[in-house]
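Chain by chain, the residues run as shown.
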Amino acid sequence: MLARECIVSAPGKVILHGEHAVVHGKVALAVSLNLRTYLRIQPGAAGRVSINMPNIDTFLSWDVSSLHTLLPASRAGLQNAVEPDAAVVLKLREYAGLGDGLADTRSLAVLAFLYIYLSVFAESRELPSLTMAVWSELPTGAGLGSSAAFSVCLSTALLASRGAIACPAVEAAQTARWSDEDLELINKWAFQGEKIIHGNPSGVDNAVGTWGGALRYHSGKIKPLSSTPMLRILLTNTRVPRSTKVLVAGVRDKITKFPAIMNPVLDSIDAISCECERTLMEMARGPEIQHYRVLEELIDINQHHLNVMGVGHPSLDRLCQVSLVHGLHSKLTGAGGGGCGITLLTPDTDSSVVERSIQELKDCGYDCWETSIGAPGVLHHSPSSLTEDVLKILNSY
């Protein structure tokens with residue numbers, strides 16, 4: 001097992017349309033965000049398991065012999081992706097010195113690693129020595145699927161180490177994808193990682209991280225779109241903290257208080273998601289400028305609806321104002337109340353407009369990146385396919 005290194009990456013995600021309305025049975029569209037998490041796994045010092053996650057200042061190492069005592073008794077098999085058991089998770093917390101109830105990013109990432117590592121190798125009863133390094137371009141806690149990208153990378157690398165999936169061959173400076181059958185297994189295990197981290201996730205984030213592109217989520221059913229275009233965007237993090245739970249409760253209260261007003265708003269958001277889906281499918285066959293104009297209008301309409309629902313924020317209004325001055329169209333993505341927003345860039349958007357917009361948004365105190373949506377899902381990398389910066393970080397551990 002683990003005869004050589006394996007380098008993988010997975011994208012983050014944004015909600016294009018349908019946030020909040022999806023809680024009330026409406027369609028949402030989630031798309032992959034080409035800010036990625038990278039993971040390198042390689043044979044480690046004999047008898048040691050080491051994980052290095054510099055993003056969250058986590059550097060840990062354990063004796064394989066001590067981890068053997070934590071192996072679950074169940075040998076359900078790799079195809080079943082065993083549900084996390086509360087007693088097992090508590091045992092892992094105690095082993096790692098994580099107090100019960102600790103829910104910080106570092107603790108949850110360590111728990112997810114221990115759980116998937118031990119579960120994947122439970123059937124063989126042989127735990128490999130390994131060293132794992134993780135680096136992410138995604139900010140944590142911003143609603144951009146950072147935990148799911150980590151879970152997807154972790155599941156892929158450990159399943160490959162176990163021999164449950166084969167690493168597809170990669171030439172120099174290239175990447176490769178796994179088969180649909182392998183992606184199904186990766187997604188099952190990544191979902192278990194998300195359960196460790198979030199308790200009761202929808203499964204959307206890990207599905208986007210696995211398959212990439214866009215997917216349709218409706219009443220618990222997830223359907224990847226067969227083909228979608230890559231779209232350039234600006235991603236802006238207002239850095240305004242918010243509580244998703246409070247925002248969701250506020251929307252529910254408003255619907256209860258004003259059903260005749262709010263239910264048509266939900267129906268309209270549902271129609272926006274469906275119209276956007278149709279437009280993206282058309283663009284996959286050949287994008288034209290009128291398609292981008294439709295996407296811009298849908299963004300504007302949905303942002304107004306989200307303000308009506310009470311999940312806007314002055315920081316997001318400022319984002320929309322700054323971008324509109326430059327002829328660009330923005331909306332919040334995710335829970336709202338601060339957090340992040342996306343701005344569509346069209347093929348005719350001049351580079352000087354992009355540069356000025358980014359600078360003005362940074363002058364507002366926001367973080368801003370030019371990136372893309374619709375990126376591929378989990379990838380196997382040759383070392384030379386990575387940027388120099390990412391390779392340098394992964395090679396430091």
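Residues numbered from 1 in each chain as written. Predicted model: local features only at pLDDT ≥ 70, side-chain atom pairs only at ≥ 80, totals over all residues. Heavy atoms only, no water.

Some details on the pattern of salt bridges
- Applying the stated criterion across every chain yields a total of 10 salt bridges.
- Measuring nitrogen to oxygen at the nearest pair gives 3.0 Å for the salt bridge that ties Glu370 to Arg232. Placement of Glu370 in strand β12 (residues 367-373) and of Arg232 in strand β9 (residues 231-237) is noted, with a sequence separation of 138 residues between them.
- Salt-bridge contacts for Glu275 lead to Arg278; the nearest nitrogen and oxygen are separated by 2.6 Å. One end of the pair, Glu275, and the other, Arg278, are both in helix α8 (residues 259-285), three residues apart, so they sit about a helical turn from each other.
- One salt-bridge network, in which partners are shared between bridges, spans Arg293, Glu296 and Asp348. (Salt bridge = Lys/Arg side-chain N within 4 Å of Asp/Glu carboxyl O. Helix = DSSP H or I, 4+ residues; strand = E, 2+ residues; numbered from the N terminus.)

As for the nonpolar core
- Core analysis: the biggest nonpolar cluster contains 81 residues, and Leu33, Leu39, Leu67, Phe113, Tyr117, Met132 and Leu235 have the highest contact counts within it.
- The residues touching Leu33, leaving out its near neighbours within four places in the chain, are Pro11, Gly12, Lys13, Val14, Leu138, Leu144, Ile233, Leu235, Thr371, Ser372 and Ile373.
- Listed in part, the 25 residues of the second largest apolar core include Ile255, Leu306, Leu332 and Val354. (Core = buried A, V, L, I, M, F, W, Y, C linked by side-chain atoms within 4.5 Å. Buried < 20%, exposed > 50% of the residue type's maximum accessible area, 1.4 Å probe, protein only. Contact = heavy atoms within 4.5 Å.)

A word on the layout of surface pockets
- Each pocket or cavity is described by its volume, and for the largest pocket that value is around 1400 Å³.
- Looking at the largest pocket, it is lined by 48 residues, and the ones nearest its centre are Lys13, Gly143, Glu194, His198 and Asp205.
- Contributing elements (two or more residues each) for the lining of the largest pocket: β1 (6-17), β2 (28-43), α3 (105-120), β5 (130-136), α4 (146-162), α5 (180-198), α6 (204-211) and α7 (244-257).
- In terms of residue class, the lining of the largest pocket is built from 21 nonpolar, 21 polar and six charged. (1 Å grid on protein atoms, 1.4 Å probe; cavity = no way out; pocket = protein on both sides within 12 Å on 5 of 7 lines; lining within 4 Å. Points joined across faces, edges and corners; volume = space filled by probe spheres on them. Nonpolar A, V, L, I, M, F, W, Y, C, P; charged D, E, K, R; others polar.)

Some remarks on the environment of Pro54
- You can see Pro54 is positioned in the loop between β3 (48-53) and β4 (58-63).
- Taking the C-alpha atoms as reference points, Pro54 and Val134, separated by 80 residues in sequence, lie 7.3 Å from one another.
- Setting aside chain neighbours within four positions, we find Pro54 in contact with Phe59, Val134, Trp135, Ile393 and Tyr397.

A look at the environment of Arg36
- Structurally, Arg36 is set in strand β2.
- Sequence-wise, Arg36 and Ser330 are 294 residues apart; in three dimensions their C-alpha atoms are separated by 22 Å.
- If near-sequence neighbours (up to four positions away) are discounted, Arg36 is found in contact with Ser9, Ala10, Pro11, Trp135, Ser136, Glu137, Leu138, Ala375, Pro376, Gly377, Val378 and Leu379.
- Here the side chain of Arg36 touches Gly377 through a polar contact of 2.7 Å, landing on its backbone oxygen. (Polar contact = N/O pair within 3.5 Å; in protein donor to acceptor, adjacent residues only side chain to side chain.)

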